[in-house]
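Listed below are the residues making up each chain.
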Amino acid sequence: MGKNKAQRTKNNARPSSSGRSAQLLETSAAFSTQAEGFGSPLPSFAGLSNLTLDDGESQSLDPQTQLILKKLNKKDAVTRLKGLHELGDVCSKAKEQEMKTIVKLWPRMFSSLGTDPDHRVREATFVAHKHLAKKAGRNLAPQLKSLCGPWFVGQFDTFAPAASAAKAAFKELFPEQKYQEAIKYCQNEIMSYISENLLSQTVETVAYEKSLLPDELEARLERVLSSNLLAYKLLITELPAGQLKSLVEANKALTSSSKFWKLSKHKSPLVRRAWFTALASILHSADFLLEGHGAQTVPAVFGSLDEQDPTVLSSVWDAALCSIIAIKDCWSHVNCEKVVFPKLWHILREGGYGNAASIFPNMLPLVSKVEPQDKNVFCSKFFSNMLIGLEQKSVQQSMSECSAIVIAYIECLRYIAGREDAQEAKEALIKQQLLPFLDACILDRKLHLTVNALALQLSDLLDSWSNSSLAELIWSHFQSMLSDFNKNEELNYQSFMDLIVLLADPSKIKKPRRVNFAEADKEDSPRLEILPEDKPRVPYWIPLHKIATTAATSVLDAALISKQSEKLVSTLYFITKSFKGEEFFKTVRPAAIDFYEDVYKLLTEERGDKKQLIQLIFMLFEFLNDEEKLRAYDNFTKIDDRSVLLCCINEAINADKMGEKSVIVWLRSPSMSEVMLTLAKEVSNVLESSEKQKSTAWAILKLCFSPSTQSDREIFANFSTVSAIMLVFCEALAIPKTALDDRATLESYANFIGELTNSLFSQQFKLCDKTLQELLFGTFKLCCSAVGLSQSASNSLQNALVNGILHLKNSGADMTELTKKFAATARLEFSFLNVKPVTCVGQFLSAVNSKDALDLFLNEQSKYKSWLKQLEDACALNEIVQGAHWLSDKPIPIATSVDCIFDFTVETLLRANLLMDIQNRLEEYSRDAKDQECLRLEDEEPIQGDSEFEVAYQEAFYDEFFNVVQAFVICDRTVANYKNNPNCSKISVDISLLKNVVESLWKHIYPYKTEQFSNTLIKQLKSGDYCSSWVVLQLCNWDNLHCKKLYLELSKQSDDIEPWRLWMYQSQSILFEEKVSSRYHEEGLSLLEKQDPMSAQYYADFHAFRKHTDDVDKLLALIIKWNKLDYWKSVFDQDMEHHNKFIAVIKFLTRMTEIQAHKIIHTQWDTILCSLASYLQDAKKFLTMQPTNPIHAAKLVALCPLVKNIQFFMKRLEKSSGVKPNLSNPEHLLDEWRALFVPEFYSILMSFFYNALDSTIVPLFEQTKVSAIGACLASAPQNWLASHSPPKHMVKQHRLISNQDKNVQDTVLVLAPLLHSSERNLKVTAYHLLKKLLKELVKKDEDYLLSMETDAVDTKLLACELLQAELSQTHTVVEAMLMDFRVGDCCIVQPFTDSHIYTYSYFMIWSLLLDMCKEAKSELRYQLSCWLNNGGYTKTMLEIVFRLMPDYVIQPFHANSDRLVSKEAADMFTHEHSPSYEGTYTSGSIMKMACWIYLKSLLHLPALVRDWWTSLDPQIAGLVERLTASLVSKHVIGIEMKSVLERKESCSGLEIKVHPLAREVIAAYTIDEVRMELTVTMPANHPLGPIRVEGNNTIDIAKWKQWVKQLTIFLTHQNGSIWDGLMLWKRNLDNKFQGVEECYICYSILHSSNYQIPKLSCRTCHKKFHSSCLYRWFHTSNNSTCPLCRNLF
């Protein structure tokens, strides 16, 4: 304690003082040469302190390497393991000098770690050794002899991965040619290491760790002994005899040791097995090493013949055989009768202790070398004990064990019999040993596994004895066994029958199964069954055939009378299959037909395996005459079981392949045709047939429609049957699509129809064209609608379709009707989700190669051109209303709807996809032609002409493509003009896909074709085709060449006004071209000089106002002059030419008032305003009379932007902002505008709006007109709107429900219901007008609050009550709609549904209410929040918002979500999504509104949102908080900061600083040189989290803490902004210093909720109180006394 400890050296890299002392001692200290008792002449490894290193070597090892080497000597196995892993990495990176040092230290470590108790350490040791040896290379040579011992022995480690690692290290360092050289080089060291380990190791010497348990020490010793013995065996095997002789002394030292021979009796099977293995190797490869040790070797080996451990026994027998061969006087060292034979009988009786497969193959060599005293006794005991061993349970359950014993038995018996000279002795051996053995194997059911091996051995035996009387003994015995079977049915006849069958063909005997790797290029060829006559017969065929026929007769007779004949039938089947022949059948039954009758009887009575019985019948067919065959076939047809019939047909077809000619006769017979037709009807009935029935019927029909090997490969079914079945399937394919919804049924249909059609058309049948066409039509329908088919089934159907079409084409059939049916089906099935009909039509066209077919397909939709005309007129009509220039000689288009847009777009998409398919095929043919040209030889003639497909379709392709381009432009234009039409909304996906396809096609069109198309379009454009202008402009976006051509045409000189130029000039991108712009100005200037009003068209763009100001002024003067001369007095009665000029002038004035209104002088303003008033009056008059006249509507639509721009200019003029006007008295102009023109203009426009509500006739362009009127009305002055009264017929009689003026109240009550309108433009206009009235509503409510003498406020008199009916209605509907969704789910509301209308209206109402809160001051905002909260609207609204946010906004903030927040999600809260006229009805608009409403709620009602959030379930609250903190809080804080910065200059006496990064606002209040500071810090999840308010007062005011607390409460629990809070704090201080008394209950001047000052005073003490505080005091104290003086109040 108290001492400063020295800094510890990192990693203990530097040795301690004791270590350095040990280093000094090492130079004089002597070591032991024994390394841990492992026999290695190495110093012991006891840590780095024991290593003798000079200074250079010490410096060559870095501290990290030294630390790793220290780890290798730790007691903990995990530490050693870690150190070995690190050593491998160090060695791979070490330098040469460092490697030399490591190699020097490695041997002693390696010898210890190589036998570590932990197998993982041993494995890691050899792996590290491999890396070290590889890196060290030649530097390892000096240490090789020190390493070779443990390294060589390590290859036989008991842990296989460790042994593999040691072997891998050897192979890595010593390739095959150097392996033996390395062993020779180190043979002495290896032998020394092995000898010392085998002779010197004990349990005590291997215990180099005191922590090892006795069991671990025993295991380590066993591991050392076994691995060294196996290594010794490898050393003996690898070294040549010459090298081994040089090691005689070392080997004799080992073999002379008694300890070596004691290892044969070691208690460990592992050691014993290794010892016998090593001994066998010595006897086999170096028997001279055991000279003089026969007396030890032979007893040791043969004394262990009865070894009971299975792992050791095989090694003992190997050693025994080697001993017999290597030791010449082997039997002189052991008594066979007393030692060898008893052990042999024991091992035979026990069946080899589970090692029969490895032991019994040694029996024959043993028998051949053994010298018994009595051969007969030896044979008797040998075979009897072997038979006992065969009956062991472990043997009976293993085929390999049984086979080994049977093979050994027969081989030994055959050997002994062969050595006998006397025939009597041989026969006696057969009778006494073989026949009982056969009885045991055949009759004992437990020995059924012996049959294969017995048949194989018996076959060889009978083959060799075929001419001997010995074989007769066996056949006679088999005959007697058959007699016994007939007498006693309980005997096991099955094994005997199996033996007979196997003897007939020994090549079919099952061999033991082994796992082999098949060659990649080797394919299995189909096997054909060889008839018995063609088989090479075995030599003993005659006696075997006799026994087989006898057995077959017995089995058949037994099967006919037995109740359980399954096994008998199976036996009969196999015997018949092996011995079938005319002689066989005549022997079994008098005639073949008799055999058939018996077998058919078994089949009909279902007494056996049906398939085997049917195959038996077809085996007979070769020996039946034609009449008998037909009788058999007829019997097959009568069978009711479909599975039996299927098997019969299958076997018949196999017989057909073998040359049986009667099969096709049967399958074409009337009875079979009737069966096939019945099956076809079963299959076609998908609703009633079971799966099993359908499966069987499919299989039968497929077989009947397969080709025969006879009759030129015609199918089996005849012509009439095929036609009838086709009709059945044609009817089936016409079933409703819903019946094929089951995928399995659809797959079955597809596969069968594909195979059926392919089969039919490949046969070149002359079928009925009508039937064939019906089948093809059904196939086509299946191809078009089969979305869920597998690829193979789909390909099969398409191939069938193509084959059928080619068949029809080649037959010359008329395919007109079929083409029409194909076209109708393709149109019915096609959608953007299913384009398979296009592929099918493409294949059809590719097959027929006829332009007429394409024309027929395209013209099948007769309404297409009428749809095109209808949509062209609709687009033109809408653009006329928008002010497009229209030719006077062209009639005004008449259009009433765009309902056909969906059908037209889908049809166009179908045509475009078909053209893409044709284009792909054209390119494919072109590539093929090029490939063929490349492959053409030099002496071959070039390929001439195009392909048939190109000739047929290329020109038609281009013609139709240009039609598709025009159709696409019409679709796109229609959607742009009528975006809020329900029909246009449904095709958004189709339009997008159509655009992609058309653009892709355009890129593949040859340039000369596009140029031709451009020329045609421009020609149409010049002729006055207005719709062509849309196509021309679209092509400008796709093709630069087209743009250049158009620019060239526009740059040409023109004397007259050409309408097509005016249409093109409407594109601003075209005017950017310098030559076009120059020509554009020249034309305008020319018209201006002619004083033509059409010149206004050329000066109504930004370029003219920027570059040609003089011309603009001149044109304005002319317009004023024309107006003064009443040039446009009767404009609504004039023709189209004057209309175009009027529209051009109005557009020019609109642009003028937008850009350069300040240049207009007072007199010009008078003319413009008076004229505008006149035009609006005329518009009102004429549109009232002709509401559907598009020309009148166009004038009104043109006038609306002019009124709006004038209002904006007057507003700027009123604020004196912007450019200084060219007016002498601006106020006079403003007064005229306010007093005269505003009421005039906006009253007329408002009347148009109200008329749109009452109109019963709604023209197609109504949306465009209402949009223009609404946008203009949205700019109306607030004062006028507040004073305006709606038409009386729209105002309902009711009492005033608020404190608002009656005009305002009536207007709100008329406009509010329009928020539910399905017409978007009416809805948006009502929204903007209501929003315009908000300031007036809020002002009246605030006046009402100020007029109240008490704090009691009736919220039903506030303006929000005017929206209560609409809010309540939409609230109920939307809440019910989303009741099944949870907060955080994503509900997608489909557009043009009631749900969408109500949801959008609900958000619009909430937007108005939140804007009202935004406009209101703190007192009124409190009342509004109470009104919303008491009605229960806020909580529901917030839940609805979080159910309608898009998935990409909500999903990333769910718990455990790994989805990232996208930029699109962040933008949802940073962009305003207020309803606009440009918007459309989409699901996304609802999602955007939901995000926008949540943002506004956080801004204007933060306390209500915070209360809702705290009441949520923790999981949902976490979701809301994460979303708010990540996406919304930063934006809310930014808005708060910006609001404070914008207003701080308007607040005197308060100094404000903003720190956005710290989310802080600092306010300082200064009075009379006294400064008080307040810091407001917003949390990261603002406004959900609490706001921290800290004060830093410099004066001692008792109320300071209370003011800070009140501000904290306000910002936390009231719906105020930061600015509102600061103003509350300032007002408190102002009132305090101005002498206003605080309330003596809450001790605050301003109340924390309603922000009122104390008003009620006590008549006794005259102290003032807040009314709310006093009410609470009376309620809690239960009396009415003053809180201070206690007098009655």
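Residues numbered from 1 in each chain as written. Predicted model: local features only at pLDDT ≥ 70, side-chain atom pairs only at ≥ 80, totals over all residues. Heavy atoms only, no water.

## Considering the overall build of the chain
When you go through the chain residue by residue, the secondary structure sums to 77 helices and six strands. Put simply, the chain has 1689 residues, and 54% of those count as buried. Across the chain, contacts joining residues at least 24 apart in sequence account for 72% of those joining residues at least 6 apart. Split by element, the accessible area of the chain, about 78500 Å² in all, is 51% carbon and sulfur. (Helix = DSSP H or I, 4+ residues; strand = E, 2+ residues; numbered from the N terminus. Buried < 20%, exposed > 50% of the residue type's maximum accessible area, 1.4 Å probe, protein only. Contact = heavy atoms within 4.5 Å. Areas by Shrake-Rupley, 256 points an atom, 1.4 Å probe, with all protein chains shown as cover.)

## Things to note about the confidence of the model for the chain
Residues of the chain with pLDDT of at least 70 account for 86%, and the chain-wide mean is 78. Scored below 50 in pLDDT, residues 1-53 shows 77 contacts in the model against residues more than four places distant or in partner chains. Considering only residues more than four positions removed or in separate chains, one finds that residues 936-946, a stretch of pLDDT under 50, has six contacts. (pLDDT = per-residue confidence, 0-100.)

## Some thoughts on the nonpolar core
Soluble globular proteins tend to bury their nonpolar side chains together. Among the nonpolar cores identified, the biggest contains 508 residues, and Phe382, Phe478, Phe1148, Tyr1242, Met1445, Tyr1494 and Leu1523 are the most heavily contacted of them. Those residues in contact with Phe1148, other than ones at most four positions away along the chain, are Ala1096, Tyr1099, Ala1100, Phe1105, Val1112, Leu1115, Leu1116 and Ile1119. Grouped together as the second largest cluster of nonpolar side chains are 29 residues, Cys1547, Val1554, Leu1622 and Trp1625 included. (Core = buried A, V, L, I, M, F, W, Y, C linked by side-chain atoms within 4.5 Å.)

## What about unusual backbone geometry?
The phi angle of most residues is negative, glycine excepted, and most peptide bonds adopt the trans form. In this structure, Pro1583 follows His1582 across a cis peptide bond, with omega equal to 5°. You can see Pro1583 is positioned in the loop between strand 3 (1570-1577) and strand 4 (1588-1593). With phi around 60°, Phe1392 is a residue other than glycine that occupies positive phi space. Phe1392 sits in the partly exposed class, given a relative accessible area of 26%. A positive phi angle, near 60°, is found at Asn1678, a position not held by glycine. Take Asn1678: it is sitting in the segment after helix 77 (1667-1677). Exposure remark for Asn1678: the relative accessible area of 68% places this residue in the exposed category.

## Observations concerning the side chain of Gln612
With respect to the helices and strands, the residue Gln612 is situated in helix 32 (residues 610-620). Not counting residues within four places of it along the chain, the set of residues in contact with Gln612 comprises Val569, Ser570, Tyr573 and Phe574.

## As for the packing of aromatic side chains
On inspection of all chains with the given rule, the structure shows 47 aromatic pairs. Consider the rings of Phe1442 and Tyr1494, whose centres lie 4.9 Å apart with planes at 80°: the pair is edge-to-face. You can see Phe1442 sitting in helix 69 (residues 1433-1444) and its partner Tyr1494 sitting in helix 72 (residues 1483-1500), a full 52 residues away along the chain. What makes Phe1442 buried here is its relative accessible area of 0%. Judged by relative accessible area, Tyr1494 falls into the buried class, the value being 0%. Here the aromatic residues Phe341, Trp345, Phe378, Phe382, Phe383, Tyr409 and Phe437 are joined through ring pairs into a cluster of three or more. The positively charged end of Arg911 is found above the aromatic ring belonging to Tyr864, 4.0 Å away from the centroid. Across from the ring centre of Tyr1481, 5.7 Å away, lies the NZ or CZ of Arg1320, which sits over that ring. (Phe/Tyr/Trp six-rings, centres within 6.5 Å; stacked < 30°, edge-to-face > 60°. Lys NZ or Arg CZ within 6 Å of the ring centre and 35° of its normal.)

## Concerning the packing of helix 61 (residues 1226-1254) against helix 62 (residues 1262-1273)
Orientation of helix 61 relative to helix 62, taken along the N-to-C sense of each, is 140°, at an axis distance of 10 Å. Comparing their axes, helix 62 and helix 61 come out oblique. Here the hand of the crossing between helix 61 and helix 62 comes out left-handed. Where helix 61 approaches helix 62, its residues Tyr1242, Leu1245, Met1246, Phe1248, Phe1249 and Ala1252 are matched on the opposing element by Glu1262, Val1266, Ile1269, Cys1272 and Leu1273. Of the residues assigned to the contact of helix 61 with helix 62, the class counts are ten nonpolar, no polar and one charged. (Axes fitted to C-alpha atoms, helices over the stretch in contact; angles between N-to-C directions. Parallel < 35°, antiparallel > 145°, perpendicular 65-115°, else oblique. Left-handed = near helix turned anticlockwise from the far one by under 90°. Nonpolar A, V, L, I, M, F, W, Y, C, P; charged D, E, K, R; others polar.)

## Observations concerning the environment of Leu67
Relative to the helices and strands, Leu67 resides in helix 3 (residues 63-71). Through-space distance from the C-alpha of Leu67 to that of Gly83 is 8.6 Å; in sequence the pair is 16 residues apart.

## Overview of a nonpolar patch on the surface
Side chains of Phe832, Leu833, Val989 and Leu993 sit close together on the surface and give an oily, nonpolar patch of about 360 Å² of accessible area. Assessed through its relative accessible area of 38%, Val989 is described here as partly exposed. (Patch = residues over 30% accessible without salt bridge, like charges linked within 9 Å, V, L, I, M, F, W, Y side chains within 5 Å. Salt bridge = Lys/Arg side-chain N within 4 Å of Asp/Glu carboxyl O.)

## Focus on the packing of helix 69 against helix 73 (residues 1502-1510)
The geometry of helix 69 relative to helix 73 is characterised by a closest axis approach of 10 Å and an angle of 75° between their N-to-C directions. Relative to helix 73, helix 69 is oriented roughly perpendicular. Residues Thr1434, Lys1435, Leu1438, Glu1439 and Phe1442 of helix 69 lie in contact with helix 73, whose contacting residues are Leu1504, Val1505 and Trp1508. Taken together, the residues of the contact of helix 69 with helix 73 break down into five nonpolar, one polar and two charged.

## As for the pattern of salt bridges
Here the structure, examined in full by the defined rule, presents 33 salt bridges. Between Asp116 and Arg80 there is a salt bridge, with its nearest N and O atoms 2.9 Å apart. A residue pair is termed long-range when its members are at least 10 positions apart, and Asp116 in the loop between helix 5 (96-113) and helix 6 (119-136) and Arg80 in helix 4 (residues 77-93) qualify at 36 residues. Of the two residues examined, Asp116 and Arg80, each falls in the buried class. Residue Glu218 pairs with Lys267 through a salt bridge whose shortest N-O separation is 3.9 Å. Here Lys267 lies in the loop between helix 14 (258-262) and helix 15 (269-285) and Glu218 lies in helix 11 (residues 214-238), a separation of 49 residues in the sequence.

## Things to note about the environment of Ala428
Within the element layout of this structure, Ala428 appears in helix 24 (residues 423-443). Along the sequence, Ala428 and Leu470 sit 42 residues apart, while their C-alpha atoms lie 10.0 Å from each other.

## Quick notes on the environment of Ala1276
Counting through the fold element by element, Ala1276 comes out in the loop between helix 62 and helix 63 (1278-1283). It is 9.5 Å that separates the C-alpha atoms of Ala1276 and Phe1241, two residues lying 35 residues apart in sequence. With sequence-adjacent residues up to four places away left out, Ala1276 is seen in contact with Tyr1242 and Lys1332.

## Points about helix 6
Under the 1.5 Å per step criterion, the end-to-end length of helix 6 is 25 Å for 18 residues, consistent within 8% with the ideal 26 Å. Structurally, helix 6 contributes buried residues whose contacts are with helix 4, helix 5, helix 7 (144-153), helix 8 (160-173) and helix 11. Its side-chain oxygen placed 2.8 Å from the backbone nitrogen of Arg120, Asp118 serves as the N-cap of helix 6. (Expected span 1.5 Å × (residues − 1). Polar contact = N/O pair within 3.5 Å; in protein donor to acceptor, adjacent residues only side chain to side chain.)

## Structural notes on helix 8
With 14 residues, helix 8 ought to run about 20 Å at 1.5 Å a step, and its terminal C-alpha atoms sit 20 Å apart, in line with that. Looking at helix 8, one finds that the buried residues are Ala162, Ala163, Ala165, Ala166, Ala169 and Phe170. The buried residues of helix 8 all sit within an arc of 160° when viewed along its axis, so they share a single face. (Arc of directions from axis to C-beta.)

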